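# Summary of the model geometry
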Amino acid sequence: MNWDVALILTVGGLATGSVYLLAGLGLVLIFSVTRVVFVPFGDIAAFAALSLAAFETGTTPPTIGLVLTLASLAVVAELWQLMRRRELARMPRVLMVWGLLPALPCLAAWWVTGRNLPAIAGIVASILLVVPIAPLIARIALRPIADASVLVLLIASLALHFLLSGLGLLFFGPEGSRTHPLVAGATTLPGGFPVSMQVLLMIASAIVLSGLFYLLFERTLHGKALRATAINRVGARLVGIRPARTAALAYGGGSLLAGLIGVLIAPVTTIYYDSGFIIGLKAFVAAIIGGLASYPLTALGALAVGLVESFASFWSGALKDVFVFGTLIPVLLLRSLLASRIEEEEEEIDE
Amino acid sequence: MTAALLEIGDLHVSYGRVEAVCGVSLSLAPGQIVSVIGPNGAGKTTLLAATMGLLPSTGTLRFEGEDLRGLDVEARVERGLCLVPEKRELFGDLSVQDNLQLGAYAKRLNGSTMGRRLQSVYALFPRLAERRSQLARTLSGGEQQMLALGRALMSAPRLLMLDEPSLGLAPLIVCEILAIVRTLREDGVSILLVEQNARVALENSDHGYVLESGEVALSGASSILAGDARVQATYLGGGTDDD
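Note that the structure is predicted; figures quoted are calculated from it, not measured. (Residues numbered from 1 in each chain as written. Chains lettered and ligands numbered in written order. Predicted model: local features only at pLDDT ≥ 70, side-chain atom pairs only at ≥ 80, totals over all residues. Heavy atoms only, no water.)

### Topic: a nonpolar patch on the surface
Residue and element names in this part refer to chain A. Together, Trp80, Met83, Leu88, Met91 and Leu95 line one region of the surface with nonpolar side chains, adding up to about 500 Å² of accessible area. Elements represented by at least two residues in the nonpolar patch include exactly helix H3 (63-85) and helix H4 (91-112). Along the chain, the position of Met83 falls in helix H3. Among the residues examined, Met83 registers a relative accessible area of 48% and is labelled partly exposed. (Patch = residues over 30% accessible without salt bridge, like charges linked within 9 Å, V, L, I, M, F, W, Y side chains within 5 Å. Areas by Shrake-Rupley, 256 points an atom, 1.4 Å probe, with all protein chains shown as cover. Salt bridge = Lys/Arg side-chain N within 4 Å of Asp/Glu carboxyl O. Helix = DSSP H or I, 4+ residues; strand = E, 2+ residues; numbered from the N terminus. Buried < 20%, exposed > 50% of the residue type's maximum accessible area, 1.4 Å probe, protein only.)

What follows is the structure in C-alpha cells.
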C-alpha cells in the first residue's frame, strides 16, 4: 500500500464513517431517552432512499401507504386508550397529533410526485416522509411496554425491524435502486488528490449536523429536557417534563437523521428494502463505543468503524464486516474493565 | 375558616396488597406550614408521592378546590404543586444552572423572567451561584438539598412538599435550609413538610400531623403537639419514661 491508496481509503472511510456517525447519534438519542435500542433505524433510512428513487422515476412513493397505515393504527391505539380512560373530550387533539400531523408529509409527497420540480423538492419530501415512521411505530408497539426491561424492549425493537423490512418488501418490492448524485462532479484537494463532491457532502453533513446536535443539547431548554429525561425520569416528571412527549421527540429526531442518511447514501450504493439493517448494526457498534450515552465518543467510534471498514475492505473484501464487528471485542473488554473500576470508586465514596 | 389550599380526604394508597396509607385526611390553608411526623414506614413519603400523582390513590384530593384525580404528575406541576423528594432526583450529569432552569420547564418562561428567577434563587442560596457551572452530582449533600429546593422554587410553586429535607445533613445546614423555608411563606408559598426529625419539624411549622401505620394518630397546632406527653416520649426523646 502506498500513500495514495491510504489517502483514498481514508477519505472513503471518513465518508462511510460520517453515515455511521449520523446513525450513531440517532441511536444514542433514542436509547438515552427511551432505553430502546432502536433496531429499525436502518430500515427507515432505506425507506427514505427508496422514496427518493421513486420520486426520480416519477412514481408515487409507496412510503405514503406505509405512513398512513401506521398513522391509522396509532390513532386506533390512542382512541382505545381514551375510551378506557373515558376522556373522549381529548379526541380532536389525538386526531390532530397522530392522524393529521403524519398525513402532512404524505400530502406533500403526493403533491411533489410527477411534477417537474427541482431535485431538492424530492429530497426534502423523502426525508420528511419518513420522519413520522419512528414515532408512529414507537407509539403503537413500544409505548405500551415503556417500563419493561431493556432486554424486552430490545426484543420488541428487533421484532419491529423484521416487521418493517417485511413491510418494505411488500411496499417497495425486491428490486434495488440507486438515485442520481445529489451533487455532481469532483474537486481536487491540495496535493492533486481528487475527491467526489458527494463524499464531501456526506462529511460536511455529518459535521454540520453534529454541530446542530451540540447546540440543541447544550443551549436549548428542550434539549436539556431530553437529556434530563435520560438522566433521571422521576426528576424530569417532577419538573413537568412529560417522558412520553420527549420520547416522541427523540423518535422524531432519530427518524429525521435516518431520512438524511437514506438520502445521502442512495446515490452511492444500491439500496434494497432490507439494506438498512447492516447500516444500523454498524452504527450500533459506534454507539457501543460511546457506551450508548456519550455523543462525542459515539462520533469518534463511528469514524473509527468507517476507517476500519474501508481499510479492511482493501485487504479482504469478504472479511471487512468481520473486522468491523471484531473491533467490538476489545471495546467491550475495555468498557467492562473501566465500568468495574468506576463502580468500585463509587462504592468507596458511599462508604 | 378560609378555603383550604390542599384538601386530602380519606386517602388510601397501597403497594399491591399492602396498604401504606389507610384513610388519611389532612388540610392545609394558604400560607401555612404543615408538618407530618412519624416513624419510619408510617406512610409519610407515600402520602406525598400520592399527592403528587406518582402513586395511584383513592379518596379525595383537592387543590384550590380542583379535583386532582385524573391529572398526571406533569399537570399537577403546572397547577403549582411541587415535590422535593427524599432522594432529591436531581439531574446529576447536568450543571447546577441547567438543573435550576429545568425547574421552570413547566412554566415556559421567556429569557428575562428565567434570568430573574435564577437570580432570586442564587440570592437565597449563594453557594449555588458559586457552583453554577459544576455538575450536580459533584455537590455535597447539603448543596444537593439546596439545589433540589432551588429547582423547586424555580417553578414558583403554590404548594411546596418537602420530603425529609434534613436527611443526612449536618444540623447547621438543616437550620439554614429551614430558615429559608420559613421565609418562603412570606412570598405566599404554602409548605407541607414531612420529617422524621420531629423536633425540627414541629419547631418550623404551624400545624402538625402524627402519622402511624398509615393513619393519623394525632393532629393539632405544632406548639401544642410539641407539648404533648406522648409525642414527647415517642418522637422528641425527652419523655418521662425511657424505653
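Having seen it, we continue.
### Focus on the confidence of the model for chain B
All names here are of chain B. With 97% of its residues at a pLDDT of 70 or more, chain B shows a mean pLDDT of 88. Across residues 239-243, confidence stays below pLDDT 50; counting only partners more than four residues off in sequence or on other chains, it has 3 contacts. At the level of chain-chain contacts, confidence expressed as ipTM amounts to 0.89, with global pTM at 0.84. (pLDDT = per-residue confidence, 0-100. Contact = heavy atoms within 4.5 Å.)

### Re the environment of Met161 of chain B
Residues and elements named next belong to chain B. Note that Met161 resides in strand E7 (residues 159-163). The exposure class of Met161 is buried, given its relative accessible area of 0%. Note: C-alpha distance between Met161 and Pro85 (76 residues apart in sequence) is 8.0 Å. Other than its neighbours up to four places away in sequence, Met161 contacts Leu48, Thr51, Met52, Leu81, Cys82, Leu83, Val84 and Leu192.

### Remarks on helix H7 (residues 171-186) of chain B
Residue and element names in this part refer to chain B. The end-to-end C-alpha distance of H7, which contains 16 residues, comes to 24 Å, matching closely the 22 Å that a straight helix rising 1.5 Å per residue would cover. Taken together, the buried positions of H7 are Val174, Ile177, Leu178, Ile180, Val181 and Leu184. All buried residues of H7 lie within an arc of 155 degrees about the axis, which places them on one face of the element. Facing away from the buried side of H7 by over 90 degrees, the exposed positions are Pro171, Leu172, Cys175 and Glu186. In the segment just after H7, Gly188 is the residue with positive phi, at about 85 degrees. (Expected span 1.5 Å × (residues − 1). Arc of directions from axis to C-beta.)

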